[in-house]
Amino acid sequence: MGERNDYISDAVIRRLPRYYRYLGELLQNGVTRISSGELSEKMGLTASQVRQDFNHFGGFGQQGYGYNVESLYSEVARILGIDQPHNVIIIGAGHIGAALANYPNFEKRGFHVIGIFDNDPALIGTEIAGHVIHADEELPVFIRDNAIDIAVLAIPKVQALKMAELLCDYGIKGIWNFASTDLEIVNPDVIVENVHLTDSIMRLSYKLRNKQERE
């Protein structure tokens, strides 16, 4: 087993959830062992790249045997930090916030939505996915009392930066930002993941355009 490399590129990090999903499918299908070559075919990579990816974290295969699927699945979960639960709140009870609150795979991956917040009086006190919507003013006490790890921002971009700064003050350590703006938080203790829903479909549009031009 090699030594862990502390610098991990964004490309490797983006591949880790894909490894996790595929290994989960293999487990469901009763597969117990897989080679780097077989794994690379599914991932669209070379076998060498698969081995390099896992060598960043110490390497988990055995020469002549490949990878134990269950063990590798558990190791990737540990690397991703989903081997332990995370308490999550959603800020914004509009269409995106409601869709996220109703998404079942969060619970399966250990992300437990335990609170939803909004500043609209018409929404406060109503329910989404079994959660009563709280007023934003309740955030500091709720975060403190419920050991919240992650806040999801599903609010307009004009409100996002101010809310993000407040969440940092309240002790949030991770922000999953769906506001249509890139948040740059100066607090080094807070990690922000910016999500732009239209980026993926624009990449699809680009690929369609190029395909049409080649044809």
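Here, the structure is the one placed above.
Computed from a predicted model, the values in this text were never measured in an experiment. (Residues numbered from 1 in each chain as written. Predicted model: local features only at pLDDT ≥ 70, side-chain atom pairs only at ≥ 80, totals over all residues. Heavy atoms only, no water.)

### Describing the overall build of the protein chain
Scanning the protein chain from terminus to terminus reveals nine helices and nine strands. Its C-alpha atoms give the protein chain principal-axis dimensions of about 60 × 50 × 35 Å. Counting across all 215 residues of the protein chain, residues that qualify as buried make up 37%. Long-range pairs, those at least 24 residues apart, make up 56% of the contacts in the protein chain between residues at least 6 apart in sequence. Per element, the accessible surface of the protein chain, about 13,200 Å² overall, is 50% carbon and sulfur. In the protein chain, 20 positive and 28 negative side-chain charges are present, and the distance between their average locations comes to 10 Å. (Helix = DSSP H or I, 4+ residues; strand = E, 2+ residues; numbered from the N terminus. Buried < 20%, exposed > 50% of the residue type's maximum accessible area, 1.4 Å probe, protein only. Contact = heavy atoms within 4.5 Å. Areas by Shrake-Rupley, 256 points an atom, 1.4 Å probe, with all protein chains shown as cover. Lys, Arg positive; Asp, Glu negative; His and termini not counted. Charge placed at Lys NZ, Arg CZ, Asp CG, Glu CD.)

### Some details on the pattern of salt bridges
A pair can form between side chains of opposite charge whenever their charged atoms are brought close. Evaluated as defined, the whole model comprises five salt bridges. For D53, the salt bridge identified is with R15, shortest N-O distance 2.8 Å. Linking D53 in helix α3 (residues 47-55) with R15 in helix α1 (residues 10-28), this pair joins segments that are 38 residues apart in sequence. There is no split in this pair, since D53 and R15 are both buried. Among the ionic pairs, R78 bridges to E75, the shortest N-O distance being 2.8 Å. Here R78 and its partner E75 are both found in helix α4 (residues 69-80), three residues apart, which amounts to about one turn of the helix. Taking the relative accessible area as the measure of exposure, R78 reaches 40% and is therefore partly exposed. Given a relative accessible area of 26%, E75 falls into the partly exposed group. (Salt bridge = Lys/Arg side-chain N within 4 Å of Asp/Glu carboxyl O.)

### Description of the environment of L123
Take L123: it is sitting in the loop between β4 (111-118) and β5 (127-128). Sequence-wise, L123 and H134 are eleven residues apart; in three dimensions their C-alpha atoms are separated by 8.6 Å. When residues no more than four places from it in sequence are discounted, the contact partners of L123 are A93, D118 and I133.

### A look at the layout of surface pockets
Estimated volume of the largest pocket: approximately 2,000 Å³. P17, F111, W176, E193 and V195 are the residues nearest the centre of the largest pocket, which is lined by 41 residues in total. The element that contributes the greatest number of residues to the lining of the largest pocket is α1, accounting for eight residues. In this structure, the second largest pocket encloses a volume near 360 Å³. The wall of the second largest pocket is formed by 24 residues, among which I91, A154, I155, P156 and Q159 lie closest to the centre. (1 Å grid on protein atoms, 1.4 Å probe; cavity = no way out; pocket = protein on both sides within 12 Å on 5 of 7 lines; lining within 4 Å. Points joined across faces, edges and corners; volume = space filled by probe spheres on them.)

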